[in-house]
Amino acid sequence: MKRIIKPLFAIALFMLSNTIFSQDIETGLKYLDLNLNHKAAYYFSDLASKNPTNGKAFYYAGQAYFILGKNDSANYFYTKGVEADKNLAYNYIGVGKMLLQKGNVGDAFTNFEQAMKISKKDPIVYTLIGEAYYLGKEKNYTKALEYLNKAKDLDYKNIDMLLTMGDMYMDQNNGGEALRYYGRATDFKNNCLKAWVKVGVVNTKANLYRDALAAFNNAKNIDSNYIPLYRELGELQYLAGKYDEACKAYAKYLAMGEYDVKDVTRYAYALYLNKDYKTALNYINKVLATQPDDPTMLRLSSYCMYETNDYKNGLVKIDKFFKIIDQTKIISSDYEYYAKLLNKDGQDSLAVINYLKAISMDNSKCELYETIAKIYDNKKRYIDAGDNYDKLVKCSKNPSAQDYYMVGKSYFFGAVKIDSTKRNMYYYKADSAFMKVAELSPTSHIGNIFRARVCSRIDPDSKLGLAKPHYEAVIKLLESNPDKYKKELIEAYTYLGIYYYLQDDKDKSKENMEKVKALDPNDPNANNILKLLSNPAQKKGVKKTK
């Protein structure tokens, strides 16, 4: 009896240990499936050290390290896996895959041959060999497809084969074929989370927002805690410009999963675009704490510091950014934010230079001409301001009356300060601008009254009457509301009164001056002209009282 019990006990113990080990493998595979690759690498490394004869632990440790880009570690575990279990095909494929990474095609094939001898009917073996070929140093899609088709011949419903086939086509930017195979995976296994997420990724790349969102929602309905889903959902919402939704998805991904600098960068950009600058800075600073020379994070930190009014530190960050960035990777907004920070620091001349650089890189940034013009306005360099307002008008698709007004106003005030030989040139430019104001805002008096004022400067003696039609237009627009526009009406009637006086049209001169007096009985111009009109013996010359 004892002879029977002992073997049965040994068999039971062996089966129990295999069951426990299988459960241990499944735990690690869940880490891999959830993209918890560091955790998976540590887990399988530890499992392999505790189970030195089980090749699967070594193989999956190698897989985790390969995903992390640590090829030396991956090769170590694949090689150790071959030593641990010479009858397990997968580690031979792993070794072959690492040889392909070095371009050693011949030795790689030798290892693949050995794997196929061990497991001739295993579709996973052919799937892994196919994957190794398209992931190699010299991508060989023909070979990859050859082995993937062999896997398909063995089991056309195999999910790993279908997903890998889709991945291979995605690697070739063939979204249509990729979607076909990912779709088949969902047909054969409707609750396949990885397949639904990949369907969403393909549709994201194709800018098919609704289809992508539907695929991601299918995955969410199967398992709302599936970590990889939220990174891809964040990417979709980011590209769709739904930054609030993108931030929510990225936040969930970072809270649940492993992430790298690229993930943090994307989240930080989404936060920035969602105007959550302080939270963005928190994540940016986490990266800069370990990678102080990361140009992307330096760029974004300077942007966010400007938006949070931390101008001094923003300048420090962007100065460092410009010192280390590859010049070919500078973008228009870099110069724009540099200009904004310089302007806030009182370095307005340098700010203008960088605003112009930003425009030269992206000529759609017309609004920056207005910013430059305002800098010149503040320095009372009105002609320079006018030139930039004029550029704003010329590059805008639909310039407004206000845009033209700023052109005219700047040239009008700037002309006074320049050499008299050039003065009228800027008055004419101002007149053209105010003419557009009058056209675009026909119910407003602003365009006409400024045209009248410009013409009064061009024709200071009113001999030509250049301002006359414009003041008449002002009167027509404002005479029904004299209380509100008393000052403007007095200006218009006064001009006409003087003009008609000089034309020796006493009746019209008197008519206009009496209108001035009705608005302001003490107006000196009106009283002076009316006095002259009542005394014909007096000389006709008259000057407008300012």
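What counts, and at which threshold
- Residues numbered from 1 in each chain as written.
- Predicted model: local features only at pLDDT ≥ 70, side-chain atom pairs only at ≥ 80, totals over all residues.
- Heavy atoms only, no water.
- Helix = DSSP H or I, 4+ residues; strand = E, 2+ residues; numbered from the N terminus.
- Rg over C-alpha atoms; globule rule 2.2 N^0.38 Å.
- Buried < 20%, exposed > 50% of the residue type's maximum accessible area, 1.4 Å probe, protein only.
- Contact = heavy atoms within 4.5 Å.
- Areas by Shrake-Rupley, 256 points an atom, 1.4 Å probe, with all protein chains shown as cover.
- Lys, Arg positive; Asp, Glu negative; His and termini not counted.
- Charge placed at Lys NZ, Arg CZ, Asp CG, Glu CD.
- Arc of directions from axis to C-beta.
- Disulfide = S-S within 2.5 Å.
- Axes fitted to C-alpha atoms, helices over the stretch in contact; angles between N-to-C directions.
- Parallel < 35°, antiparallel > 145°, perpendicular 65-115°, else oblique.
- Left-handed = near helix turned anticlockwise from the far one by under 90°.
- Nonpolar A, V, L, I, M, F, W, Y, C, P; charged D, E, K, R; others polar.
- pLDDT = per-residue confidence, 0-100.
- Salt bridge = Lys/Arg side-chain N within 4 Å of Asp/Glu carboxyl O.
- 1 Å grid on protein atoms, 1.4 Å probe; cavity = no way out; pocket = protein on both sides within 12 Å on 5 of 7 lines; lining within 4 Å.
- Points joined across faces, edges and corners; volume = space filled by probe spheres on them.

**Comments concerning the overall build of the protein**
- Scanning the protein from terminus to terminus reveals 29 helices and 0 strands.
- Its C-alpha atoms give the protein a radius of gyration of 39 Å, more than 25% over the compact-globule value 24 Å for 546 residues.
- Taken over the C-alpha atoms alone, the protein extends approximately 150 × 45 × 45 Å along its principal axes.
- Buried residues in the protein amount to 45% of all 546 residues.
- Considering only contacts in the protein between residues 6 or more positions apart, those separated by 24 or more positions represent 48%.
- Surface summary for the protein: the accessible area is close to 28800 Å², and the carbon and sulfur share equals 50%.
- The positive charge centre, built from 81 side chains, and the negative charge centre, built from 65, are 2 Å apart in the protein.

**Overview of helix H29 (residues 524–533)**
- Within H29, the full set of buried residues consists of Asn525, Ala526, Ile529, Leu530, Leu532 and Leu533. The buried side chains of H29 occupy one side of the element, clustering within an arc of 160° when seen end-on.
- Contacts from the buried residues of H29 go to helix H27 (486–502) and helix H28 (506–519).

**Regarding the state of the cysteines**
- Summed over the entire model, instances satisfying the criterion amount to 1 disulfide.
- A sulfur-sulfur distance of 2.0 Å marks the disulfide that ties Cys366 to Cys395. With a gap of 29 residues between them, Cys366 in the loop between helix H20 (348–361) and helix H21 (367–378) and Cys395 in helix H22 (residues 382–395) connect regions that are remote in the sequence.
- Using a relative accessible area of 30% as the deciding quantity, one classes Cys395 as partly exposed.
- Cys304 supplies the cysteine sulfur nearest to Cys247, a cysteine that is in no disulfide, at a spacing of 11 Å.
- Accessibility expressed as a relative area gives 7% for Cys247, which makes it buried.

**Quick look at the packing of helix H26 (residues 468–478) against H27**
- Running from N to C, H26 and H27 cross one another at 140°; their axes reach a closest spacing of 9 Å. What the angle tells us is that H26 and H27 run oblique. Crossing geometry of H26 relative to H27 is assigned as left-handed. Residues Lys468, Tyr471, Glu472, Ile475 and Leu478 of H26 pack against Glu488, Leu489, Glu491, Ala492, Tyr493, Tyr495, Leu496, Tyr499 and Tyr500 of H27.
- The class makeup of the residues in the contact of H26 with H27 is 10 nonpolar, no polar and 4 charged.

**Looking at the confidence of the model for the protein**
- This prediction gives the protein a mean pLDDT of 92; 94% of its residues lie at or above 70.
- Confidence, expressed as mean pLDDT per element, reaches its minimum in the protein at helix H1 (residues 2–33) with 58 and its maximum at helix H19 (residues 332–344) with 98.
- Within the model, the stretch residues 1–20 combines pLDDT values under 50 with 1 contact to residues more than four positions away or in other chains.

**Comments concerning the pattern of salt bridges**
- Going through the model one piece at a time under the given rule, you end up with 27 salt bridges.
- Asp293 is paired through a salt bridge with Lys320; the nearest N and O atoms lie 3.0 Å apart. Placement of the pair is Asp293 in the loop between helix H16 (277–290) and helix H17 (295–307) and Lys320 in helix H18 (residues 311–324), with a sequence separation of 27 residues.
- Relative accessible area serves as the criterion here: at 32%, Lys320 is assigned to the partly exposed category.
- Salt bridges sharing common partners tie together Lys143, Glu146 and Lys150.

**Considering empty space enclosed by the protein**
- Per the counting criterion, the structure on display carries 1 cavity of 30 Å³ or more.
- Looking at the largest cavity, the residues that line it are Tyr59, Gln63, Tyr90, Ile93, Gly94, Lys97, Leu128 and Glu131.
- For the lining of the largest cavity, the leading source of residues is helix H5 (residues 89–101), giving 4 residues.
- Of the residues that constitute the lining of the largest cavity, the class distribution is 4 nonpolar, 2 polar and 2 charged.

**Some remarks on the environment of Glu367**
- Looking at where Glu367 falls in the secondary structure, it is placed in helix H21.
- Each C-alpha atom of the pair Glu367 and Val393 lies 9.6 Å from the other, and the pair is 26 residues apart in sequence.

**Comments concerning the side chain of Thr127**
- The topology assignment puts Thr127 in helix H7 (residues 123–134).
- Aside from chain neighbours lying at most four places away, what touches Thr127 is Leu148, Ala151, Asp160, Met161 and Thr164.

**So, unusual backbone geometry**
- Although it is not a glycine, Lys275 adopts a positive phi angle of roughly 65°.
- Among the structural elements, Lys275 can be located in the loop between helix H15 (261–273) and H16.
- With a phi angle near 65°, Asp504 is a residue other than glycine that sits in the positive phi range.
- Here Asp504 falls in the partly exposed class, since its relative accessible area comes to 47%.

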